[in-house]
Amino acid sequence: MNAPVLTLLDDKSPAPAPADDRVALSKEGFKHAFLDNLFYVQGKIPALATRHDYYTALALTVRDRLWHRWISTAQAYTHQGSRTVAYFSAEFLMGPHLGNNLLNLGIHEEVRQAVKELGLDFEGLLAGEDEPGLGNGGLGRLAACFLDSMATLQIPSLGYGIRYEFGIFHQEIVDGWQVEKTDKWLRFGNPWEVARPEWAVEVKLGGHTERYTDEHGRVRVRWIPHRIVNGVPYDTPILGYRVNTANTLRLWRAEAPESFDFAIFNRGDYYGAVNQKVSSENLTKVLYPNDEAAQGKELRLEQQYFFVCCSLQDMLRILKVQMIPLERFHEKFAVQLNDTHPAVAVAELMRLLVDEHGMDWERAWAIARRTFAYTNHTLLPEALERWPLEMFRKVLPRHLEIIFEINARFLDEVRIRFYGDEQRVASLSLIDESGERYVRMAHLACVASHAINGVAELHSELLKRDVLKDFHDLWPERFSNQTNGVTPRRWMALANPRLARLVSDAIGGDWVRDLGELRRLEPLASDAGFRAQWREIKRANKVALAELARERTGVLLDPDSMFDVQVKRIHEYKRQHLNILHVIALYHRLRADSRFEMLPRTFVFGGKAAPGYHLAKLMVKLINSVGEVVNRDAAVRERLRVVFLPNFNVTNAQRIYPAADLSEQISTAGKEASGTGNMKFCMNGALTIGTPDGANIEICNEVGAENFFMFGLSVSEVAALRREGYRPAHYYERNAELRDVLDLIRDGFFSRGDTQLFRPLIEGLLRWDPYLVLADFEAYAECQSRVSRAYAEQDRWQTMSIINVARSGRFSSDRTIRDYAERVWRVPRVPIRLLAQKDLSFGVS
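Residues numbered from 1 in each chain as written. Predicted model: local features only at pLDDT ≥ 70, side-chain atom pairs only at ≥ 80, totals over all residues. Heavy atoms only, no water.

**Student:** Explain the environment of Asn541 to me, using residue names and the numbers behind them.
**Tutor:** Checked against the element boundaries, Asn541 lands in helix H22 (residues 528-553). The sequence separation of Asn541 and Arg655 amounts to 114 residues, and the corresponding C-alpha distance is 7.6 Å. Excluding anything up to four places from it in sequence, Asn541 contacts Asn496, Arg498, Pro658 and Ala659. (Helix = DSSP H or I, 4+ residues; strand = E, 2+ residues; numbered from the N terminus. Contact = heavy atoms within 4.5 Å.)

Laid out in C-alpha cells, this is it:
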C-alpha cells in the first residue's frame, strides 16, 4: 500500500474535515471526512497506514453518515413509543457491511470515485472486511434479509442475538477433508458496532429456588443462582434502502461481574484470579458448540437462555424509558421467535413478570400469549429441540417449574377439548415422557404463541398435517404460511452489479425496492440484442468466479462450460451425494463409451459440515476425491471439471450466485422447509434443477414448469415408498449405471485403492438410504440430460434465464415482511425525518 503516500501527502490533498463534513454525501466532503478519520481516529499517516487502517477509516466515514440516520430513528421511536418488532434469533449472518451500507445510502459510485482519487484500491478495501461469522446458513441469512427489509419498509425493529467472539468456523480443505479453523472476525475490532456497557444486565444460571411469603401474604418464588454473568449489548445500525430508517441489531456478549479477583491473585493463584472471567466469557465464544457431549449441550442451552434473558430485560428497560406501563408490554413489542432456539423466552418473560414484578399468573400469561409468534424452520424431528429434563433443571431450575405450570394448565384445557384422549394429551405435552424425560421447545413455542407459521406453502401444510398436527387441530386459526424471501439489495444490486446495471438501464431502478417491477423484463426475453448482453454478463461473472476458484483451489475452470452449482450446508437430506453420484456417472460414460458426447460442464460445490457430523464430512471428502481424479484425467477434463470452493459464506456467495448457470436444489421431498439459496440463484438468472420440495414448488409455479427442471419423488410418493418397505439395494441391482458408480467408489477408485474410506457412505446408501438418494437417481440423471439439451440451445437458455429473473419478484423478503407486518405483528411503518443538531433534546431546559 505504498502508492497512496504521495497522493495523500501532496499539496492538493484535502485538509482534515470541518465539523459539517461529518455527514456530507458529496465526493469532496467524503474525502475530507476520510482523512479526518485516518488522522484523528486511526492516528495514522499514509506512510504508516496498513490496508486495514484505510478500510477502517473508510468504514468510519460511512458510519458517520449512517449514525445520523440511526440517531434520528432512535429519537423518533423513543418520542412516539412506536410499536416494535423484536426479532429473536440465535443467528444473524449479516455479511460484509461496507458495500451494503454504501448501496443503501446511495453513494456507492461517489465513494468509489473519491477513494480512487485518493490513490486507493476501492475493491481491495471492500474485500478487506472481515465478515461477521454469526450464522451457519439459511436461518441466519434469512434473519439478516429480514432486518434489511424491515428497515427498508420503515418498520420499527430490534434484532436480538449473540455476539459470538469466534462465530462459525473458517473452513479449509486439507487432503480433501474439511478442517475447522478459528474464525477470528473480531481480531481487528468491528467499526460498525458500538458497545453499550451502561445497559448491561445480569443473567442467573443454575442453583435452586425457594418459596417465601411477601409483605402481602402471597407465596412467591426466589431463584438462588449458582452463578451470575453479565450481558453487555453491542449495537449495529441496519440501514434501509434509500430511506432514513436505521434500525438496530443488538447482540449480547457475556462478561464476568468481576473479571479479576485481586485476593486470589495475591495468594499466588494466578489462573484462579481470572477463572470467573474465562468461564463467563465462554458463554459467547463460539456459535453452536459441538453438542455431542453433555457439556456442549449444556453450553448451548445456556447460550440460548443468555440472549433471551438479556433481550427481555432490555425490552423492559425500553418500556421504562418510554414511560409505557408494564401491562402494555404486548402493545409495545411483537416478539418473533426465529425457530425454537429462543423458545425459552416464554418461560423467562413469565419469570420476569411474575417473580420480579409481582404480576399475577393469569395477567402475565395473557401478555405472553399476545407477545410471541413462532416461525418453524424444519421438518426434521432431530432439529425440533428437546432438552433432557435433568439438564434443564440443573441450568434453569426456576424455568422448569414455570414450564411445569404452563404445561399443567395447558393439559387441563386439552383434556376438556379432547375428552378421554390421553394419547393426544401425551402428544401435546410440553414434557416428553416416552422414555428419558425431555422438555419440548417447539411445544412451548406453540402453546405460548398467538401465531405459528411455516416458511413455504408445502412446509406449512406438512406442519399442519404431520409435525404440529395436534396443535393445528387445537388452534387452526393460529397457523399460517409466510414463504421466505431474500433481499434484492444484497443478492442482486450488490452481488451482481453488471446485471443490476443492465436491468436498470432497461426498466429503471425502482425494482431494487419493488422486485415485482422485474416483470417488465419479460418482453425483452424475445430481443436478440438483450439476450446477447445477458449472456455476456453471465460469462463475465463466470470469468470472475473462475479466477476465485484458481486462487483458492488451484483448479482451472472454463467459463464457456456450463456452471452447475450446489452451495449450501452439507447434510444428507440436501443430497450433495446424489449430485456427486451423477458426476461419477458422467465420468464413467466418458471413459467407457468413446461415442458419448456432452457439452463441457463444471460442477461447483461449497458448504460447511457440522464438526461432529462424520457422514457429511465424508461427503466433502468424496467430492474432493472425485474432483482430484476427474480434473487430472486428460481424457475428460476438457468436458468435465469438479471444484469444491472452501469456506462458503456471504462474501463468497456474492461471487457464486451471479456466475451459476444451473442451481441444484435436490433435497428429499418433504425435508427442506423452504430454502433461500434457490431464490438467490433464480433472481441472478440461474435455472433450477430441483425436487418438489420447499419453495422449489412455488418458484416453479412462478417461473413456469417449462423454465424449471423438476424431477423426483413427491412427498406423497416418498411416504408411499416407505410404507411399502423401501429397499435401496433394489435400485442398485436393476440400474446398471448406478451399480457401476457405487462400485467405483466402493472398490477404491477415488481413494487410491482404499476400499474402507467411503464404506460408511456406500453401506449407508445400500442398506438404509434414509433420504432416498438411490430411488431418485434415475430420474435425476434423466432430468440432467434434459438440462444438457436445453443448454445446447443458447437462445432458448437465455430466454429461460431472463424469464426466471423477471418472475422472481415474489421471492423478495420485502413481500415476506409486509405479510408478517400486516398479518402477524400488526406493526405500522414509521417514516423518519433526519434531525438537525438543534433538534436533539437532552432534557435540559
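**Student:** Break down the sheet that holds strand S22 (residues 687-690) for me, citing the residues and quoting the values.
**Tutor:** Read across the sheet, 6 strands follow the order S20-S19-S18-S21-S22-S23 without closing on themselves; strand pairing throughout is parallel. A single partner strand is all that each edge strand has here, and the edge strands are strand S20 (640-644) and strand S23 (709-710). Summarising the sheet, strand S18 (residues 562-567) and strand S19 (residues 601-606) pair through 6 bridges and their orientation is parallel. Within S19, the position partnered with Phe563 by the bridge is Thr602. Set on the sheet, helix H33 (residues 794-806) makes contact with strand S21 (662-665), S22 and S23; between it and S22 the angle comes to about 85 degrees. (Pairing = 2+ DSSP bridges. Axes fitted to C-alpha atoms, helices over the stretch in contact; angles between N-to-C directions.)

**Student:** Outline the sheet that holds strand S15 (residues 438-440), supporting the account with residue identities and numerical values.
**Tutor:** The sheet built from 3 strands is open, its strands ordered S13-S15-S14 with antiparallel pairing. The open sheet is flanked by strand S13 (386-388) and strand S14 (431-432), the only strands paired with a single partner. In terms of strand pairing, S13 meets S15 through 3 bridges, oriented antiparallel. By the bridge assignment for S15, Arg386 is matched with Arg440. Against the sheet, helix H17 (residues 441-448) touches S13 and S15, its axis set at about 40 degrees to S15.

**Student:** Tell me about the packing of aromatic side chains, and name the residues and values.
**Tutor:** Considering all chains together, one arrives at 23 aromatic pairs under this definition. Arranged with centres 5.8 Å apart and planes meeting at 50 degrees, the rings of Tyr726 and Tyr731 form a pair that is tilted. One aromatic cluster is present, built from ring pairs that chain together Tyr87, Phe92, Phe146, Tyr820 and Trp825. The ring centre of Trp475 lies 5.4 Å from the NZ or CZ of Arg369, which sits over that ring. (Phe/Tyr/Trp six-rings, centres within 6.5 Å; stacked < 30°, edge-to-face > 60°. Lys NZ or Arg CZ within 6 Å of the ring centre and 35° of its normal.)

**Student:** Outline the confidence of the model for the chain, supporting the account with residue identities and numerical values.
**Tutor:** Taken as a whole, the chain shows an average pLDDT of 93; of its residues, 93% reach a score of 70 or greater. Note on residues 1-19: pLDDT is under 50 here. Beyond four places in sequence and across chains, it has 30 contacts. (pLDDT = per-residue confidence, 0-100.)

**Student:** Now, about the environment of Tyr438: what can you tell me, with residues and values included?
**Tutor:** Along the chain, Tyr438 turns up in strand S15. Since its relative accessible area comes to 17%, Tyr438 is described here as buried. In sequence terms Tyr438 and Met391 are 47 residues apart; their C-alpha atoms lie 9.2 Å from each other. Setting aside residues up to four positions removed in sequence, Tyr438 forms contacts with Arg386, Trp387, Pro388, Leu389, Leu430, Ile431 and Asp432. (Buried < 20%, exposed > 50% of the residue type's maximum accessible area, 1.4 Å probe, protein only.)

**Student:** So what's going on with the environment of Gly135? Which residues, and what values?
**Tutor:** Within the secondary structure layout, Gly135 lies in the loop between helix H6 (122-127) and helix H7 (138-152). Each C-alpha atom, one on Gly135 and one on Met94, is 8.2 Å from the other, the two residues being 41 residues apart in sequence.

**Student:** Provide a residue-level description of the nonpolar core, including the pertinent values.
**Tutor:** Most often, soluble globular proteins have nonpolar side chains that are buried together. Counting residues in hydrophobic clusters, the biggest one holds 185 residues, and the most contacted among them are Phe88, Phe392, Phe410, Leu581, Phe709, Leu774 and Trp825. Broken down by element, this core gets its largest block of residues, 12 residues, from helix H10 (residues 294-321). In terms of nonpolar packing, the next biggest core, distinct from the first, is built from 58 residues, Met492, Leu502, Val565 and Ala695 among them. (Core = buried A, V, L, I, M, F, W, Y, C linked by side-chain atoms within 4.5 Å.)

**Student:** Talk me through the state of the cysteines; I want residue IDs and the actual numbers.
**Tutor:** One covalent bond between the sulfur atoms of two cysteine residues makes up a disulfide. For the coordinates displayed, the defined rule picks out 0 disulfides. The structure places no disulfide on Cys145, whose sulfur is separated from the nearest cysteine sulfur, that of Cys682, by 15 Å. Unpaired in terms of disulfides, Cys682 finds its nearest cysteine sulfur in Cys700, a separation of 11 Å. (Disulfide = S-S within 2.5 Å.)

**Student:** Mind laying out the pairing of S18, listing which residues take part and the relevant values?
**Tutor:** For S18, the buried fraction is high: 6 of the 6 residues fall into the buried class. Neither face of S18 is open: one carries Met562, Asp564 and Gln566, the other Phe563, Val565 and Val567, and all of them are buried. With helix H23 (residues 576-592) bridging S18 and the parallel S19, this β-α-β connection has right-handed handedness. (Right-handed = clockwise from strand over helix to strand, strands pointing away.)

**Student:** Please set out the pattern of salt bridges residue by residue, giving values where relevant.
**Tutor:** On inspection of all chains with the given rule, the structure shows 73 salt bridges. With a closest N to O distance of 2.6 Å, Glu123 and Arg112 form a salt bridge. Of this pair, Glu123 sits in helix H6 while Arg112 sits in helix H5 (residues 108-117), and the two are 11 residues apart along the sequence. Taking the relative accessible area as the measure of exposure, Glu123 reaches 43% and is therefore partly exposed. Close ionic contact of Arg386 with Asp432 constitutes a salt bridge, the shortest N to O distance being 2.8 Å. Separated by 46 residues along the polypeptide, Arg386 in strand S13 and Asp432 in strand S14 bring together distant segments of the chain. Under the relative-accessibility criterion, Asp432 is labelled buried at 8%. (Salt bridge = Lys/Arg side-chain N within 4 Å of Asp/Glu carboxyl O.)

**Student:** Before we move on, could you go through unusual backbone geometry and cite the residues and values that matter?
**Tutor:** Its identity is not glycine, yet Asp175 carries a phi of approximately 55 degrees, on the positive side. Inspection of the secondary structure assignment puts Asp175 in the loop between strand S3 (170-174) and strand S4 (177-181). Positioned with a positive phi, Met323 is a non-glycine residue whose angle comes to about 55 degrees. With respect to the helices and strands, the residue Met323 is situated in the loop between H10 and helix H11 (329-332).

**Student:** Go over helix H32 (residues 773-792), please, and point to the residues and values.
**Tutor:** Between the first and last C-alpha of H32 there are 27 Å, a value that for 20 residues agrees with the 28 Å anticipated at 1.5 Å per step. Approximately 30 degrees is the largest bend angle found in H32, and it occurs at Ala779. (Expected span 1.5 Å × (residues − 1). Bend = angle between axes of the 7 residues up to and from the residue.)

**Student:** Give a description of the pairing of S20 that names residues and reports values.
**Tutor:** Counting buried positions over the 5 residues of S20 gives 5, a clear majority of the element. Sheet analysis places S19 next to S20, joined by 5 bridges and oriented parallel. Note on S20: the bridge partner recorded for Val604 is Val643. Tracing the backbone out of S19, into helix H24 (residues 614-632) and back to the parallel element S20 gives a crossover that is right-handed.

**Student:** Kindly report on H33, identifying the contributing residues and their values.
**Tutor:** Over its 13 residues, H33 runs 18 Å from end to end, which matches the ideal 18 Å to within 8%, given 1.5 Å per residue. Counting buried positions along H33 gives 10 out of 13 residues, so the element sits mostly inside the fold. For H33, the full list of buried residues reads Gln794, Trp797, Gln798, Met800, Ser801, Ile802, Ile803, Asn804, Val805 and Ala806.

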